[in-house]
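# Examination of the molecular architecture
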Amino acid sequence: MFQSPETSKSLTWHATTRKKDGFLRHPAYSTSWKFVDEKWPAFGDEPRNLRLALSSDGFNPHSVQSNSYSCWPVILVTYNLPPWLVMKRKHMMLSLLISGPKQPGNDIDVYLEPLIDDLKLLWAGVSGVYDAVKNEIFTLRAVLFWTINDFSAYSNLSGSIVKGYNGCPICLDQTEPTRLKNGRKMSHNNNRRFLEKYHPYRKLKAAFNNRTEDRTAPVPLTGEELLSRLEQEVPKLPLGKKDKTPKYKGGEDERRPCWKKKSIFFELDYWKYLPVRHCLDVMHIEKNVCDSLLGTLLNIPRKTKDGLNTRLDFVELGIRPELHPNLDGPKKKQLPLASWNLRVDEKKCVCGSFFGMKVPENYSSNISSLVSIDDLRLTQLKSHDCHALMQQLLPVAIRGVLEKPVRVAIIKLCRFFNEICRKTIDPARLPKIQSDLVETLCELEMYFPPSFFDIMVHLTVHLVREVELCGPVCFRWMYPFERYMKVCKGYVKNRTYLEGCIAERYITEEAVEFIEKNYFDDITVGIPPDPNTDDRPTSGATVESHFGKDLDEAHLCVLRNTDEFNSYFQEHMEYLKREFPQYKKKSAKWLVDKQNLTFADWVKERVAIQLSEPDCDVPEIVKWLADKPGNEVSKFQGYRVGGVQFNTKSRDDLRKTQSSGVYLVAETPQVASSKDKNIVTEDMSFYGVITEIWELDYAFFRYGILEICKRSRQVQETSKSKKKEAEPTGGLELLKRHAVTMSSITKHKRKMKRMVLFNRRGTPYGKVAKKMQSYLGVLARRRVPIIIKTWKGVKEDDIAKIWKRLQLPFIIGEEHRKRIMQSASTKWRGFKSRLTSKYIIPYLDSPEKLKFPPNDYPFIPPDHWTIFVKSRTTPEFLAKREQQQKRRKKNKYPHRMSRKGYIGVEEEGEEGVGLVPGEGEIDRDITWVRGRVPKEGEIPDEETKKAVERVAEVRKEVDEGKRTAVGMNDILTQALETPEHSGRVRGVGGHITLHEYFGLPNLRKQSFEARMRKIVHEESKKIIEEAKPVILKEAKEQLREKIREEIEAEEAKRWEAKFAEFTENLLAGHFGAGIKHGAPLSGQGSSHTMEEGVLVPNLEAENTRQKSLFQKKENELPLPPEEKVPTVPVNEAIKGVLNKITRNFAAAQSRKKKKLESVDAPEEKKDYESVHSVEYPEKNKASKSVNVPEKKKWTYMVGDPEIDCNLAVGSVDNIVAHATIMESGDDPEAVIHGRPLGDDNRRVSVYYAIDEKAKVPFPVEDEIVTVKHAMGSWKPRVDKVSKKKRKRSELAVQMEEADVTLAELAPNLSGPYEMLCTAMKDGRELSSNIEPEVFGYICSSYITGNDVVVIATMEKVIGNLIASYQSDHWTLTVVDPDNDTVYFMDPVRKRILCGDWAKIVKDAMVMANTARKRNGRSSMIPKNLVGMPFQPSDKECGYYVMGYMREIIEDKDTSRFVTKWDKRGSCKYTREYLDEVRNEWADFAVKKYVKEP
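## So, the pairing of strand 15 (residues 638–641)
- As defined by bridge partners, strand 12 (residues 536–537) adjoins strand 15 across two bridges and the pair is classed as antiparallel. Counterpart to P537 in the pairing with strand 15 is Y639.
- The pairing of strand 15 with strand 16 (residues 644–647) spans four bridges and is classified as antiparallel. Looking across to strand 16, one finds that G638 is bridged to N647.
- What sits between strand 15 and strand 16 in their antiparallel hairpin is a turn of two residues, with G642 showing a positive phi close to 60°.

Encoded structure:
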């Protein structure tokens, strides 16, 4: 229990969080609990000590009741838990299970001995208990408060005799019942003893037993007194069935025994001190009283307390002569009619009330099914049925029958059970409840026969005492234990071993619950979910549009019942009092009515003002509720609120239950009459019937509103009046159907969200997208007022609310918000235009028709409509409208797509050619043509028809190779013979710019002075930022220099030792030529690192490895010749700016170079570079001149004399990119971008950008302007190369770690791996040359010890392969350039090629098609393969990619590559297959590179 933090915290609830207000809510408030804490302070001081209760009863585990089998579970409950957990199934402990087939009876003590021993141990204390909350060990103690049983089990556990003269276990020998000679039963009709001493009933004779009552109520014995008498009076008899307790044979006057044994519970040291040891079961007492009462009233055979013997007992006792039997008369008239007898018509009235009675759901069983109209009786009543009858239903059924005194007495008895069964009890009322009960029993004694007062009726006298001592009844009755026995009965699956099934399934359930709770944190068995959080509709919805008064009243009701708006109501009232001071004292009712009318609009404006403030703390619920609900109201037939079911009257008429009746006590302003102006606020009771249930939609909050009719006859009138959605206002009605409301979205918001699909250009497509667009139009029309002039005038908060409302039913990423909101603005403008063209312009000559908003759009406020009409009828607007109409008439080729747009046309085209919607791409000339062809297929417009024919002609020429269509000069542009202009792209649709569709760089046109000012500002900012840490750097420079010298000395020694060892081994001939010993490393086994699809050369490793090669070939690098540029005359201002820029650049680059040389470089860095200087010849000697470069030239610094180069602009230090020099071949007249290649001009391929914004020397208009545009198939990472460099000391540590690991792995691996480990255990590495076709230049790759360790242990591969390695994950991309198709193979999940890698592959395909002079598609077709295996965890991706490549390479027939992989179905790579792939790699490495010594 204490190992679970939640349970451990709940066990101390009684000492930490329980409410202390004097009411009884739990046994912790009872006198017994306080007595234990005071009697044993050490026990009470520890709140974790347990307070237990025990319950036991027999049940038949067989499903057939005819089989007499009695199994007795012994159940313990813990009272430390809070009230909502005490009696739950989870916290009931099955401590014993007494097997059948016979009940244990008085020998139950034999079975209880092990449990008693455990309780003794718990009372002494069990040490070593761990508390998960406090994280400590403590000593646990426990006390057993009492037992809970029915009356027969009460006798077995307590040892008391519960029948006969001493049948009351509390009164004992002072019970003093009257034995009925004819009825042969005990009558406990001496209830006047429990009255106050001078009560008037004590003196009455004829109404009772012809005697006065002078006796006092018996005083219950204490535990110590009871134990003393037990030891004196009860003989010590051996337990067992053979030696039975001898029967009592004494006379009536002799003292009779009260006990048959001494209970085993007295072995507990504390048992004799407890105030209450055994509790009376209220459940069985209430059921027996109900059965006796109903059986007597309805004269049910074998249950009635009336009969001939009862009347003869009247004669024997000499009381009530009017009820004596007439034995000489006819049989039907032998028994005179008594006060408790019902006539036939009264029985029909009572039974008819029960038969037609409907109770709320989950209140009780179907009472009508228990009524027999033919026999006029109630049958098969269960315990809970009797509980429901006695609590509330019986007083309702008998309210029109019986004599008033009898009826009142019965109702008072029912009220008593209702009082003591409450969950919260006021202790101050208990004496009054007790006195009322005794008076009620005395009144019943006046009217009912003595046989009615059996022991169960008598026990009701002691129930109030136990409530005071033990707390509420709901913690001490048998209902939860009876339900638990039903669970135990369900455990039985083997009828031969009943108890074994119960025990094993109980233990298994406990173990599973422990694991779930502690490891999976799931909801455990035995604790049902909280019904108070289950607020939801329980029926289907019908959506209707509501406007005006009804919706405003419902909205005001929600605001009134929301606590967060209380302060706003007070603020608004103060505002009204200030605004209308004349009504402050004159009429308070007027202010209330005024507030109800104006509060909704006022609070909306008030919250909007608060949200505009920078530091607003408006709660989310206030933000959305103040915005008013949507006009689309969902109506339900049923709704569950706080665990309570509510239905409409029409639904209840068809059901056996009723949940449409409502009773409400509310604080309501009240007036005496319509003339009364003084409002009094008091509680008022409301009764009604639910006619409608509304659900108001506040986007993220939904509230159910019940529409109640006060009288049942008004229900039909109300339902008829609700058929119309809104009263006509006098506006125009022009729509054939009602306006679009998207009620289906409102109805199904609670269900699963729909995902909106977007194509590559960010345009939504598909069926869900169409619904989303329609719903977006509804939101834009209803949430944005039409009086706003432009969309820019809409508040940002209102736009945000539209976006959030749209995300409720649809799944849309934030990256699409801009495009979606642009669509919303278009729909809003179109709505305003539609209102103007259809509802205003045609009726300019009929002003009376423009007074009211259109009835087609009742959500438009009248004041907004008036303003809108006024703005649309001004001369300025009409003139502008006429001008726009003329412009639209100039459109030569009008489309005929209706509402579907180009995206709809594109979807139809993709389906027609077999492409997946959104994944393919159709040329815009096709969509343009299809958008102008109507459904009939014949184009009516001749000019459009000619344009379509020209498009077909141009496309044919392009397909035949006679014409070229590239970029913006595509088929459609050539056919229409007009270039594209800014705005919409023809044949594509709105919100897509030229730059987005054609992939053009987004260039900003700026003047020369503006660009200079921007450059000066940016450089000045950089200089200021760099100057801040200068002082700190100078202070640390000396310390850095010292540390750097020590590191360099240590590095030099280590590498000298490594080189000496390498020379010695090489001369000894221990290894083949393919092995290099001690070569410098960079990354993991390679001089290149692959990250996010970017190949970044490690310059430090390459420069170190080829330093001598650089020195030899430094002077062989061809440098561009100098050129002379004409002098450009500039004014003094520009000259000053340029001089300042030059100085700033020089100072900044000097500091950067100094910083690099002093801190980052371990050795002196040599620049292999050449800078071209330019000069400007004079053109105009009169004007001043300054040397300004007309064209910027690249300065390339050589990293590899044949391959690599660095590109610089302006100065040597300003390196902007790394590139590879491309050979021009044997063609002396080779031209690139209009420039001849030769010694002066070299073609380079940029693979790494340092400054993306730097301008290229030979720009290509609208294509290549900056370094970013010049990138080839590699996407640059904009950071410094030095960040990726690794220090040699780190590599040394890595190699040392690899040596140890290889030495440990070698003996345990297969042959190839063992050879690799042996060959590489001394820090050696394998090198291999990579062909220039792979990366575009010759380079080397290395296999290090770590590579062998990783693949041998099957750890996650993080090295470099030719396959794509993106974000710590390997994938394989298979390219089919002939079909412009790319197959993406991802071992983790099925996904389409996208993002940066998609752009890389796309650019590579374009370059390949250009080199082959092939007219391919403008974009690739990405596809996925269905049948590829998927990895089970997160670290096998590299091995799965190796498996893919192995299968593809070994496949001889590559023509059916796609078909094979798609049709092979879902499969998995086994561990054996992956081991085979890894062994094949190791075998290859050994055979190719490792040679035996």
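Having seen the structure, we can now continue with the description.
## Considerations on the sheet that holds strand 1 (residues 50–56)
- Sheet architecture is open: five strands sit in the order 3-2-1-6-9, paired in mixed fashion. Two strands bound the open sheet, and with one partner strand each, they are strand 3 (93–98) and strand 9 (278–279).
- When strand 1 meets strand 2 (residues 72–78), the two strands line up antiparallel, connected through five bridges. Across the sheet, residue A53 finds its bridge partner in strand 2, namely V77.

## Looking at the packing of aromatic side chains
- Scanning the entire structure with this criterion turns up 35 aromatic pairs.
- Taken together, a centroid distance of 6.4 Å and an interplanar angle of 85° make the contact between F35 and W40 edge-to-face.
- F35 sits in the partly exposed class, given a relative accessible area of 27%.
- The exposure class assigned to W40 is buried, which follows from its relative accessible area of 17%.
- Note on Y857 and F859: the rings are 6.0 Å apart at their centroids and 75° apart in plane angle, and the pair reads as edge-to-face.
- For Y857, a relative accessible area of 6% corresponds to the buried category.
- Taking the relative accessible area as the measure of exposure, F859 reaches 15% and is therefore buried.
- By the ring-pair criterion, three or more aromatic residues cluster together here, those being F35, W40, F43, W123, Y270 and Y273.
- Directly above the ring of W123 sits R141, whose terminal nitrogen or CZ lies 4.6 Å from the centroid.

## Some thoughts on a nonpolar patch on the surface
- Together, L308, L327 and L335 line one region of the surface with nonpolar side chains, adding up to about 240 Å² of accessible area.
- Among the secondary structure elements, L327 is positioned in the loop between helix 10 (308–317) and helix 11 (344–355).

## Quick look at the sheet that holds strand 15
- Ordered by their spatial adjacency, three strands build an open sheet running 12-15-16, and the pairing between neighbours is antiparallel. Bordering the open sheet on either side are strand 12 and strand 16, each of which pairs with just one other strand.

## Notes on the pattern of salt bridges
- Tallied over the entire structure, the rule returns 45 salt bridges.
- The salt bridge partner of D797 is K801, with a shortest N-O separation of 3.6 Å. With D797 and K801 both in helix 27 (residues 796–807) and four residues apart, this pair spans about one turn of that helix.
- Among the ionic contacts, a cluster of salt bridges with common partners joins K623, D627, R783, D797, K801 and R805.

## Topic: the side chain of R986
- Locating R986 in the fold gives a position in the loop between helix 34 (971–976) and helix 35 (994–998).
- Owing to a relative accessible area of 17%, R986 belongs among the buried residues under this scheme.
- Setting aside anything within four residues of it in sequence, one finds R986 in contact with R924, W928, L972, T973, L976, T978, P979 and E980.

## Concerning unusual backbone geometry
- For the peptide bond that leads from G100 to P101, omega is 5°, which places it in the cis range.
- With respect to the helices and strands, P101 occurs in the loop between strand 3 and helix 6 (108–124).
- At N135, a residue that is not glycine, the phi angle is positive and equals roughly 55°.
- Residue placement: N135 occurs in the loop between strand 4 (126–131) and strand 5 (136–140).
- In this model, Q380 sits at a positive phi of 55°, which is unusual for a non-glycine residue.
- You can see Q380 is positioned in the loop between strand 11 (377–378) and helix 12 (383–397).
- By relative accessible area, which is 66% here, Q380 ends up exposed.

Rules and cut-offs
Residues numbered from 1 in each chain as written. Predicted model: local features only at pLDDT ≥ 70, side-chain atom pairs only at ≥ 80, totals over all residues. Heavy atoms only, no water. Pairing = 2+ DSSP bridges. Helix = DSSP H or I, 4+ residues; strand = E, 2+ residues; numbered from the N terminus. Phe/Tyr/Trp six-rings, centres within 6.5 Å; stacked < 30°, edge-to-face > 60°. Buried < 20%, exposed > 50% of the residue type's maximum accessible area, 1.4 Å probe, protein only. Lys NZ or Arg CZ within 6 Å of the ring centre and 35° of its normal. Patch = residues over 30% accessible without salt bridge, like charges linked within 9 Å, V, L, I, M, F, W, Y side chains within 5 Å. Areas by Shrake-Rupley, 256 points an atom, 1.4 Å probe, with all protein chains shown as cover. Salt bridge = Lys/Arg side-chain N within 4 Å of Asp/Glu carboxyl O. Contact = heavy atoms within 4.5 Å.

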